[in-house]
Structures are given as structure tokens and as C-alpha cells.
Amino acid sequence: MERLQCVTSVSKEAKTIPVDFIRSVDEQPGITTSHGPVPAVPVIDMANTKHDQIIDEIVKASQEWGIFQVVNHGIPPEAIQQLQRVGKEFFELPQEEKEKVAMVPGQLEGYGTKMTNKQEGPKNWVDFLFHNIWPPSQINHDFWPKNPPEYRNANEEYVKHMIPLVDQLLEYLSLGLGLDGNVLKAASGGDDLRYLLKINYYPPCPCPDMALGVSAHTDMSAITLLVPNEVQGLQVFKDDHWINAKYIPNAMIIHIGDQIEILSNGKYKGVLHRTTVKKDETRMSWPVFCEPPPDTVIGPLPQFVSDKNPAKFKAKKFKDYQYCKLNKIPQ
């Protein structure tokens, strides 16, 4: 399997990119990005003592954007920095070292490169590493790099601080819908909710206006919590335009995923987003996808379904939803 990091060195010499990575004109960021005045992605201060205000801000952002940033979120900066440091060190290792945790057929975890078939469209300008980080019963350390040596400790420390934040966010999202605070978490799998870490590595691209790191999509998760490095590149589709989602240092970026949109029967909106790449800089991001267990049935909560407001989504097991989405089968 050819990795993007190998393609990149050849492309840099040639000052061009393979045709397989060139997007159609209606996808190329150089053509489709809005360059006028753009609204800022909402920023929410989790340390605000007026909890009703936090809830109102989360509701508004989740309905109008599907994405927001939280500050004073309780995850120590050192834990984030360590997570980022060991992830960066992993991608800087020799290729044969990275291949020790390569994906295997039938598994979603491991080091990989999504090289799509030609009929599936252009390739994404990204290499990645996927593995579960919570709960312990779902962790397979075979897919956790042994090198750098601090990799495991950094990930375990990070998720320890993340769990209370996820619980808090799901509670506020529930209360914002007029539900008891535990409803959305319980409906998403309760304490069996799974945390899947992905590290995205977007190396420099000679033709960034023609390529995408990741094409437009919504997340399959209930919610996603993401930290990027200092290189901007996230774009959000808002008011019929692709806009640059400028993020602020030390904030955690929160995506509303498909499962919360389904449970709320569309009251909250999953964010359509994509990733751009840079000519001379490496962008990295660390999303954690909080997903229901495979056999959990997700459908609109009965509180949001009536004769006047019928269900907008079919109820199905998460594993079936995942299969349809990954294989582009209508839901």
C-alpha cells in the first residue's frame, strides 16, 4: 500500500499532484471557498457559572451551525500537548515503523491511507491512525503504537480528562431539548459509549487549491471532540457557502454527529464539513468520535415524533447505519 507521505515527496519534486487527487471544479477549495466576510464559529465558555446561558448557547450553535468551540473545558493544556506531541512523533517515524500498526482487512483500527477506487472519486490528501481509546473493554493495544514510548500514557491521560467533558456536553444537549440530563447519553449507549480516536496527517500539498484533505461529510458519531495543530484548514458549509472555520488556541471543537441529529429528530444538526491542505505546512488533527455500541438502536426519540412532526429518520442499529454510510447506501 502506497502511503501519502511517499506520494508527497514525489509531488514536491514535480511541483504537481497525481491526477487521482484533483477534485472536480465544484469541489476544489480554490474555487468554492467563500472569501467574503464570514461569521465566526461560536465559542462557549464552559466555566460560565450561568448554566442556563451555556445551555442556550449550545442549543443555538447546535441548531444553526452543528459545530462550536468550547474553552475552559477542563482538559489540561499539558494533556492536549502530550497527545499532539506523541501523534506527531509517530508520523515522523520511518515508514516501516508505522507499518507495524497498519490496518488489516475487516478492521477499522490501525494506520492507513484511504486510497479510494476510481469510481469512488478522487483520493483524499491524508494518512491517518485509528484506534479505540475507551471503554477499556474495546481497546486493542495491537493498534496503539509502541513507538514513541510515551504514546500509551499520553492517550490514557487525555481520555481520562475527556470523559467528564463528554458527559457534560451530552447533559447540556439533553437539557437544551427539554429532556432530563441523562437522556441523550443513555440513548447513545450510556457508559458503553465508545471513543474512537483518529489522527489525521495532512502533509504539504503542491496544489492545495485543487485537493482536499477530507471531502465533505458529516460524522457518524453522536458527537465528535477535536483538537487540531496550529495550522488552520477546517471548513464548514454554512448558509450555502464553504467558509473557513477559524479556531482558537486551546479550544476543543465540538461537532454534532449524525446520531444526535437522529435522536433529536433534526432539532440539532450534524455539521457538513471538509478539510483543506496547505502548500508548505503540515496540518494535523485529533478527532475523537463518541459512538454508540454496534447493536444500539438509534432513532428519533418519541418525545419529538407526532402526527404533525413525523419521524425524519428510520430507527436502526448503529452498525447497520455505519455499514450503509461507509458503503454509500441510502439510509
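Overview of the structure. (Residues numbered from 1 in each chain as written. Predicted model: local features only at pLDDT ≥ 70, side-chain atom pairs only at ≥ 80, totals over all residues. Heavy atoms only, no water.)

1. Topic: the overall build of the protein
Using the following cut-off: The secondary structure listing takes helices from DSSP runs of H or I that are at least 4 residues long and strands from runs of E that are at least 2 residues long, numbered from the N terminus. Based on C-alpha atoms, the radius of gyration is set beside the globule rule, defined as 2.2 Å times the residue count to the power 0.38. Residue exposure (1.4 Å probe, protein chains only): buried if accessible area is under 20% of the type maximum, exposed if over 50%, otherwise partly exposed. Whether two residues touch is decided by their heavy atoms; if any such pair falls within 4.5 Å, the residues are in contact. Method for areas: the Shrake-Rupley scheme with a 1.4 Å probe, in which residue coverage is limited to the protein chains shown. In summary, the charge assignment counts Lys and Arg as positive and Asp and Glu as negative, without counting His or the chain termini. Every charge is mapped to an atom, namely NZ of Lys, CZ of Arg, CG of Asp or CD of Glu.
Across its full length, the protein holds 9 helices and 14 strands. Relative to the 2.2 N^0.38 estimate, which gives 20 Å for 331 residues, the radius of gyration of the protein is 19 Å and therefore close to what a compact globule would have. Its C-alpha atoms put the protein at 60 × 45 × 40 Å along the principal axes. Here the protein holds 331 residues, and the buried ones make up 52% of them. By sequence separation, contacts in the protein at least 24 residues apart represent 78% of the contacts at least 6 residues apart. Put simply, the protein shows about 15,400 Å² of open surface, and 52% of that area lies on carbon and sulfur atoms. Distance from the positive charge centre (35 side chains) to the negative charge centre (41 side chains) of the protein: 4 Å.

2. Some remarks on the packing of helix H4 (residues 77-91) against helix H6 (residues 151-176)
This is how the line gets drawn: For helices, the fitted line uses only the C-alpha atoms of the stretch in contact; every axis is such a line through C-alpha atoms, and the angle between N-to-C directions lies from 0 to 180 degrees. Left-handed describes a crossing whose near helix is turned anticlockwise from the far helix by less than a right angle; the clockwise case is right-handed. Polar here means any residue outside two lists: the nonpolar Ala, Val, Leu, Ile, Met, Phe, Trp, Tyr, Cys and Pro, and the charged Asp, Glu, Lys and Arg; Gly therefore counts as polar.
Contact pair H4 / H6: the axes reach a minimum separation of 9 Å and the direction vectors enclose 145°. By crossing handedness, the relation of H4 to H6 is classed as left-handed. Side by side, H4 and H6 meet where Ala79, Ile80, Gln82, Leu83 and Val86 of the first sit next to Tyr151, Ala154, Asn155, Glu157, Tyr158 and His161 of the second. In the contact of H4 with H6, the residues fall into 7 nonpolar, 3 polar and 1 charged.

3. As for unusual backbone geometry
In this model, Trp134 is joined to Pro135 through a cis peptide bond whose omega is -5°. In this fold, Pro135 is placed in the loop between strand S4 (127-134) and H6. The step from Asn147 to Pro148 runs through a cis peptide bond, and the omega angle for that step is 5°. The residue Pro148 is located in the loop between S4 and H6 in this model. Even without glycine at this site, Asn250 takes up a positive phi of about 70°. Within the fold, Asn250 resides in the loop between strand S9 (241-244) and strand S10 (252-256). The exposed category is assigned to Asn250, whose relative accessible area is 52%.

4. Describing the side chain of Ser188
Mapped onto the secondary structure, Ser188 falls in the loop between helix H7 (183-187) and strand S5 (194-202). Excluding residues that lie within four positions of it along the chain, Ser188 makes contacts with Leu193, Ala222, Ile260, Leu263, Glu291, Pro292, Pro293, Thr296 and Ile298.

5. Brief notes about the pairing of strand S8 (residues 234-238)
Keep this limit in mind: When DSSP finds at least two bridges between two strands, those strands are taken to pair.
The buried fraction of S8 amounts to 4 of the 5 residues, a majority that puts the element mostly inside the structure. As paired elements, S8 and strand S11 (residues 273-275) share 3 bridges and run antiparallel to each other. When the sheet's bridge partners are listed, Leu234 is paired in S11 with Thr275. Where S8 lies against S9, 4 bridges are found, and the strand directions are antiparallel. Paired with Val236 across the strands is Ile243, a residue of S9. Between S8 and S9, which follow one another and run antiparallel, lie 2 residues, and Asp239 among them has a positive phi close to 50°.

6. Observations regarding the sheet that holds strand S7 (residues 223-228)
If you walk across this open sheet you meet the 8 strands as S1-S2-S10-S7-S12-S5-S4-S3, and the pairing is mixed. Sheet topology places strand S1 (43-45) and strand S3 (110-112) at the edges, where each strand pairs with a single neighbour. On average, adjacent strands in this sheet sit at an angle of 25° to one another, irrespective of strand direction. Bridge analysis of S3 against S4 gives 3 bridges, and the strand direction is antiparallel. Bridge pairing in S4 links Gly112 to Phe128.

7. Focus: the pattern of salt bridges
Test applied: Note on definitions: salt bridges are taken to be side-chain nitrogens of Lys or Arg within 4 Å of carboxyl oxygens of Asp or Glu.
Within the structure shown, the criterion is met by 16 salt bridges. For the salt bridge of Lys123 with Asp20, the shortest nitrogen-to-oxygen distance reads 3.1 Å. Here Lys123 is found in the loop between S3 and S4, whereas its partner Asp20 is found in the loop between helix H1 (4-14) and helix H2 (29-32), with 103 residues between them in sequence. Here Lys123 falls in the buried class, since its relative accessible area comes to 16%. Residue class for Asp20 comes out partly exposed when judged on its relative accessible area of 26%. Ionic contacts of the salt-bridge type, sharing partners, join the residues Arg85, Glu89 and Glu150 into one network.

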